[in-house]
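The lines below spell out each chain.
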Amino acid sequence: MDGNEVLSLVLVKMATSPVKADRDAIARIERECQADILKITTSLENSRIIAENSQIIAQSLNRHEQGKGLKILATGLFWSGVIGIATMFVRPSYVWCGVSLGLVSGIAGRIMEPFKN
(Lines give C-alpha, C1' and ligand atoms only; values in the text may rest on other atoms or scores of the structure.)
Protein backbone atom coordinates (compact mmCIF):
# COMPACT_ATOMS: atom_id res chain seq x y z
CA MET A 1 0.00 0.00 0.00
CA ASP A 2 1.22 3.45 -0.76
CA GLY A 3 0.75 6.56 1.35
CA ASN A 4 -2.45 7.73 -0.33
CA GLU A 5 -4.14 4.35 0.12
CA VAL A 6 -3.21 4.22 3.80
CA LEU A 7 -4.38 7.78 4.32
CA SER A 8 -7.70 7.05 2.59
CA LEU A 9 -8.28 3.96 4.72
CA VAL A 10 -7.44 5.82 7.94
CA LEU A 11 -9.76 8.69 7.03
CA VAL A 12 -12.61 6.28 6.26
CA LYS A 13 -12.03 4.43 9.55
CA MET A 14 -11.96 7.71 11.47
CA ALA A 15 -15.12 8.94 9.74
CA THR A 16 -17.02 5.82 10.76
CA SER A 17 -15.45 5.57 14.24
CA PRO A 18 -17.66 5.86 17.31
CA VAL A 19 -14.89 7.79 19.09
CA LYS A 20 -15.78 11.45 19.44
CA ALA A 21 -12.17 12.62 18.97
CA ASP A 22 -12.00 10.85 15.60
CA ARG A 23 -15.23 12.46 14.44
CA ASP A 24 -13.99 15.87 15.63
CA ALA A 25 -10.73 15.37 13.71
CA ILE A 26 -12.66 14.47 10.55
CA ALA A 27 -14.88 17.53 11.01
CA ARG A 28 -11.74 19.71 11.30
CA ILE A 29 -10.28 18.14 8.14
CA GLU A 30 -13.55 18.74 6.28
CA ARG A 31 -13.62 22.37 7.41
CA GLU A 32 -10.00 22.96 6.36
CA CYS A 33 -10.46 21.30 2.96
CA GLN A 34 -13.95 22.75 2.48
CA ALA A 35 -15.11 19.33 1.25
CA ASP A 36 -16.72 16.28 2.80
CA ILE A 37 -14.65 13.20 3.61
CA LEU A 38 -15.96 11.28 0.59
CA LYS A 39 -14.67 13.95 -1.80
CA ILE A 40 -11.32 14.04 0.03
CA THR A 41 -10.82 10.26 -0.18
CA THR A 42 -11.94 10.24 -3.83
CA SER A 43 -9.42 12.98 -4.58
CA LEU A 44 -6.68 10.95 -2.89
CA GLU A 45 -7.63 7.89 -4.95
CA ASN A 46 -7.64 9.92 -8.18
CA SER A 47 -4.22 11.40 -7.42
CA ARG A 48 -2.86 7.89 -6.77
CA ILE A 49 -4.24 6.68 -10.12
CA ILE A 50 -2.78 9.71 -11.91
CA ALA A 51 0.61 9.14 -10.26
CA GLU A 52 0.63 5.45 -11.29
CA ASN A 53 -0.35 6.30 -14.87
CA SER A 54 2.30 9.03 -15.03
CA GLN A 55 4.95 6.51 -13.99
CA ILE A 56 3.80 4.04 -16.66
CA ILE A 57 3.83 6.75 -19.34
CA ALA A 58 7.30 7.94 -18.27
CA GLN A 59 8.64 4.38 -18.43
CA SER A 60 7.21 3.77 -21.89
CA LEU A 61 8.58 7.10 -23.18
CA ASN A 62 11.98 6.22 -21.76
CA ARG A 63 11.94 2.86 -23.58
CA HIS A 64 10.86 4.62 -26.78
CA GLU A 65 13.71 7.14 -26.50
CA GLN A 66 16.27 4.35 -26.01
CA GLY A 67 15.30 2.69 -29.31
CA LYS A 68 15.24 5.98 -31.19
CA GLY A 69 19.03 6.28 -31.57
CA LEU A 70 19.26 2.82 -33.10
CA LYS A 71 16.52 3.68 -35.61
CA ILE A 72 18.34 6.86 -36.60
CA LEU A 73 21.61 5.01 -37.13
CA ALA A 74 19.92 2.19 -39.05
CA THR A 75 18.21 4.67 -41.38
CA GLY A 76 21.51 6.44 -42.02
CA LEU A 77 23.28 3.18 -42.78
CA PHE A 78 20.50 2.06 -45.10
CA TRP A 79 20.63 5.23 -47.17
CA SER A 80 24.42 5.22 -47.22
CA GLY A 81 24.27 1.73 -48.72
CA VAL A 82 21.64 2.66 -51.29
CA ILE A 83 23.36 5.85 -52.43
CA GLY A 84 26.79 4.18 -52.28
CA ILE A 85 25.63 1.37 -54.60
CA ALA A 86 23.98 3.86 -56.96
CA THR A 87 27.12 5.99 -57.00
CA MET A 88 29.26 2.94 -57.71
CA PHE A 89 27.40 2.41 -61.00
CA VAL A 90 27.30 6.06 -62.03
CA ARG A 91 30.66 7.44 -60.80
CA PRO A 92 32.86 4.73 -59.22
CA SER A 93 35.50 7.21 -58.11
CA TYR A 94 32.93 9.03 -55.91
CA VAL A 95 31.64 5.99 -53.97
CA TRP A 96 32.85 7.24 -50.58
CA CYS A 97 31.35 10.63 -51.23
CA GLY A 98 28.02 8.96 -52.04
CA VAL A 99 28.22 6.74 -48.94
CA SER A 100 28.88 9.70 -46.66
CA LEU A 101 26.10 11.77 -48.28
CA GLY A 102 23.73 8.83 -47.89
CA LEU A 103 24.61 8.45 -44.21
CA VAL A 104 24.10 12.14 -43.50
CA SER A 105 20.84 12.37 -45.48
CA GLY A 106 19.44 9.20 -43.86
CA ILE A 107 20.19 10.43 -40.36
CA ALA A 108 18.88 13.92 -41.13
CA GLY A 109 15.70 12.49 -42.62
CA ARG A 110 15.01 10.36 -39.53
CA ILE A 111 15.73 13.23 -37.17
CA MET A 112 13.46 15.61 -39.10
CA GLU A 113 10.60 13.07 -39.23
CA PRO A 114 8.77 14.37 -36.09
CA PHE A 115 8.70 17.90 -37.58
CA LYS A 116 6.85 16.90 -40.79
CA ASN A 117 3.54 18.47 -39.73
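See the structure shown above.
Below is a short write-up of the structure. (Residues numbered from 1 in each chain as written. Predicted model: local features only at pLDDT ≥ 70, side-chain atom pairs only at ≥ 80, totals over all residues. Heavy atoms only, no water.)

This brings us to the pattern of salt bridges. In this structure the tally under the stated criterion is one salt bridge. Between Asp24 and Lys20 there is a salt bridge; the shortest N-O distance is 3.3 Å. Of this pair, Asp24 and Lys20 both sit in helix H2 (residues 20-33), four residues apart, which is roughly one turn of that helix. A relative accessible area of 35% means that Asp24 is categorised as partly exposed. (Salt bridge = Lys/Arg side-chain N within 4 Å of Asp/Glu carboxyl O. Helix = DSSP H or I, 4+ residues; strand = E, 2+ residues; numbered from the N terminus. Buried < 20%, exposed > 50% of the residue type's maximum accessible area, 1.4 Å probe, protein only.)

All right, on to a nonpolar patch on the surface then. A cluster of nonpolar side chains, contributed by Ile85, Met88, Phe89 and Val90, occupies part of the molecular surface with about 460 Å² of accessible area. For Val90, a relative accessible area of 65% puts it in the exposed group. (Patch = residues over 30% accessible without salt bridge, like charges linked within 9 Å, V, L, I, M, F, W, Y side chains within 5 Å. Areas by Shrake-Rupley, 256 points an atom, 1.4 Å probe, with all protein chains shown as cover.)

On to the packing of aromatic side chains, then. Tallying each qualifying case throughout the model produces one aromatic pair. With 5.1 Å between their ring centres and 75° between their planes, Phe78 and Trp79 make a pair best called edge-to-face. (Phe/Tyr/Trp six-rings, centres within 6.5 Å; stacked < 30°, edge-to-face > 60°.)

Moving on to H2. Compared with the 20 Å implied by 1.5 Å per residue over 14 residues, the 20 Å span of H2 between its first and last C-alpha is a close match. Immediately downstream of H2, the backbone of Gln34 shows phi near 55°, a positive value. (Expected span 1.5 Å × (residues − 1).)

Right, let's talk about the side chain of Thr75 for a bit. Mapping Thr75 onto the fold places it in helix H3 (residues 37-90). Judged by its relative accessible area of 15%, Thr75 is buried.

Leu11, Met14, Ala25, Ile26, Ile37, Ile40 and Leu44 form the largest nonpolar core, which has seven residues in total. Mapped by element, the contributors of at least two residues to this core are helix H1 (3-15), H2 and H3. Sorting elements by how many residues they give to this core places H3 first, with three residues. (Core = buried A, V, L, I, M, F, W, Y, C linked by side-chain atoms within 4.5 Å.)

It is worth spelling out the environment of Lys68 at this point. Topologically, Lys68 is positioned in helix H3. Counting along the chain gives 43 residues from Lys68 to Ile111, while the straight-line C-alpha distance between them is 9.4 Å.

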